[in-house]
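Okay, here's what each chain looks like letter by letter:
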Amino acid sequence: ERLQHPALEVIIHADSNTTCDHSALAALIRFPNVRVMHSFPSIHELRAYNKAAADAHGDLLAFSQDDRLPPPSSDWVDAIIGIFRVVPATFAALGLYRGHQSTRGGRHVFRDLGTCFDQSPKLIPTYLFPKVSVAMVMVLMMGPIIVRAKAFRLLGGFNETYSLRGWPGVHGDKEFTARLWHHGLQAGVACASSLTLFPNGCGGKGSLANTRTLRARQKLIRRNQALLSAQFTHHEGSIQSKVLKAQAELEANRSLVKRLRKLLPHCFPCNKPRAK
């Protein structure tokens, strides 16, 4: 029921190793707007996103994972469509989970399951929520991430270099967002609210793992961190300047701020730091 909406097409790429996949798929495939695709052998993760996106028909593509549970009401779909209708055409991606605005100068946005806070003790965070219900960010983290289909295809989708066949796409979401800014597009994260909070669901901690796979994942993380650094170190200052300029323009546009607040009227009080 959470995924039943006349404007929503659901494509499930069933290639994860979580323990509850079979029961979840059995419950979902009875709905007419749900399709399931498989790949053998597994092409998890970024290749799966790209494959599903190539088969999608909508103007917006929403990427998520099996450990994200949609809000109880499908009203979240109307809110997302509404946001993309009022923001500039250059605004190409909206995150509903985590987003970093800047790692320099003390301005830092971090949204995590209903809270947004700065994890780094070296930075003095400037909290933007609920001053604005959508904040510009340099990088987004999966999921969900909603992208204009035109922009997604313009960039060639997710960079599959960041996902070895059958493995997670660590930092592939960050790479894609930074690439949007590099190409003159924008990305933002929505405030946590009843319409945008996707709590932990079936997967996540249910994923199968052992010492060998955990070590391999850590190796992949280090590899992809090096890739991300090599790709964007020379452009980081330029991208962050674009992000902060876009944020200032957003805050100065009172009409747009009001329209966004109307679409997301009840942001959770995530502008408060965690208690020490």
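Everything discussed here concerns the structure shown above.
Residues numbered from 1 in each chain as written. Predicted model: local features only at pLDDT ≥ 70, side-chain atom pairs only at ≥ 80, totals over all residues. Heavy atoms only, no water.

Draft legend 1. Local environment of the pattern of salt bridges. Applying the stated criterion to the full structure yields four salt bridges. For Arg35, the salt bridge identified is with Glu9, shortest N-O distance 2.5 Å. Highlighted residues: Arg35 in strand β2 (residues 34-37) and Glu9 in the segment before β1 (10-13), separated in sequence by 26 residues. Under the relative-accessibility criterion, Arg35 is labelled partly exposed at 31%. (Salt bridge = Lys/Arg side-chain N within 4 Å of Asp/Glu carboxyl O. Helix = DSSP H or I, 4+ residues; strand = E, 2+ residues; numbered from the N terminus. Buried < 20%, exposed > 50% of the residue type's maximum accessible area, 1.4 Å probe, protein only.)

Draft legend 2. Broad picture of the packing of aromatic side chains. Summed over all chains, the structure comprises eight aromatic pairs. When the ring of Phe152 is compared with that of Phe176, the centres are 5.6 Å apart and the planes differ by 50 degrees; the resulting orientation is tilted. With Phe152 in helix α4 (residues 149-154) and Phe176 in helix α5 (residues 172-182), the pair connects residues that are 24 residues apart, well separated along the chain. Between Phe158 and Phe176 the ring centres are 5.0 Å apart and the planes differ by 50 degrees, which places this aromatic pair in the tilted class. Taken together, the residues Phe158 in the loop between α4 and α5 and Phe176 in helix α5 connect sequence positions 18 residues apart. Relative accessible area serves as the criterion here: at 1%, Phe176 is assigned to the buried category. Every member of this aromatic cluster is reached through a ring pair, and the members are Tyr49, Phe63, Phe152, Phe158 and Phe176. (Phe/Tyr/Trp six-rings, centres within 6.5 Å; stacked < 30°, edge-to-face > 60°.)

Draft legend 3. Quick look at the packing of helix α7 (residues 236-252) against helix α8 (residues 254-263). In the contact formed by α7 and α8, the axes pass within 5 Å of each other and the chain directions differ by 85 degrees. What the angle tells us is that α7 and α8 run roughly perpendicular. Of the residues in α8, those touching α7 at Leu250, Glu251 and Ala252 are Arg254, Leu256, Val257 and Leu260. (Axes fitted to C-alpha atoms, helices over the stretch in contact; angles between N-to-C directions. Parallel < 35°, antiparallel > 145°, perpendicular 65-115°, else oblique. Contact = heavy atoms within 4.5 Å.)

Draft legend 4. Summary view of unusual backbone geometry. In this model, His171 sits at a positive phi of 70 degrees, which is unusual for a non-glycine residue. Among the secondary structure elements, His171 is positioned in the loop between α4 and α5. With relative accessibility at 13%, the residue His171 sits in the buried group.

Draft legend 5. Structural view of the sheet that holds strand β8 (residues 134-136). Strand order across the open sheet formed by five strands is β3-β10-β4-β11-β8, with mixed pairing between neighbours. Looking at the sheet topology across the chains shown, the edges are occupied by β3 (60-63) and β8. Sheet twist, expressed as the average angle between the axes of neighbouring strands with direction ignored, equals 25 degrees. Taken together, the four bridges between β3 and strand β10 (residues 145-148) define a ladder with antiparallel strand orientation. Each bridged residue has a counterpart across the sheet, and for Leu60 the counterpart in β10 is Arg148. (Pairing = 2+ DSSP bridges.)

Draft legend 6. Structural detail: helix α2 (residues 46-54). Counting buried positions along α2 gives seven out of nine residues, so the element sits mostly inside the fold. Every buried residue of α2 is listed here: Leu46, Arg47, Ala48, Tyr49, Asn50, Ala52 and Ala53. Packing partners of the buried residues in α2 comprise β1, β2, β3, α4 and α5.

Draft legend 7. The nonpolar core, seen in detail. Counting 66 residues, the largest nonpolar core has Phe63, Leu94, Phe152, Phe158, Leu180, Leu260 and Leu264 as the members making the most contacts within it. A total of seven residues in this core trace back to one element, the largest contributor, which is helix α3 (residues 75-86). Aside from chain neighbours lying at most four places away, what touches Phe158 is Leu46, Tyr49, Asn50, Phe63, Met142, Phe152, Gly172, Asp173, Phe176 and Arg179. (Core = buried A, V, L, I, M, F, W, Y, C linked by side-chain atoms within 4.5 Å.)

Draft legend 8. Spatial organisation of the side chain of Glu175. Looking at where Glu175 falls in the secondary structure, it is placed in helix α5. Once residues within four sequence positions are removed from consideration, Glu175 is found in contact with Asn159, Tyr162, Leu228, Gln231 and Phe232.

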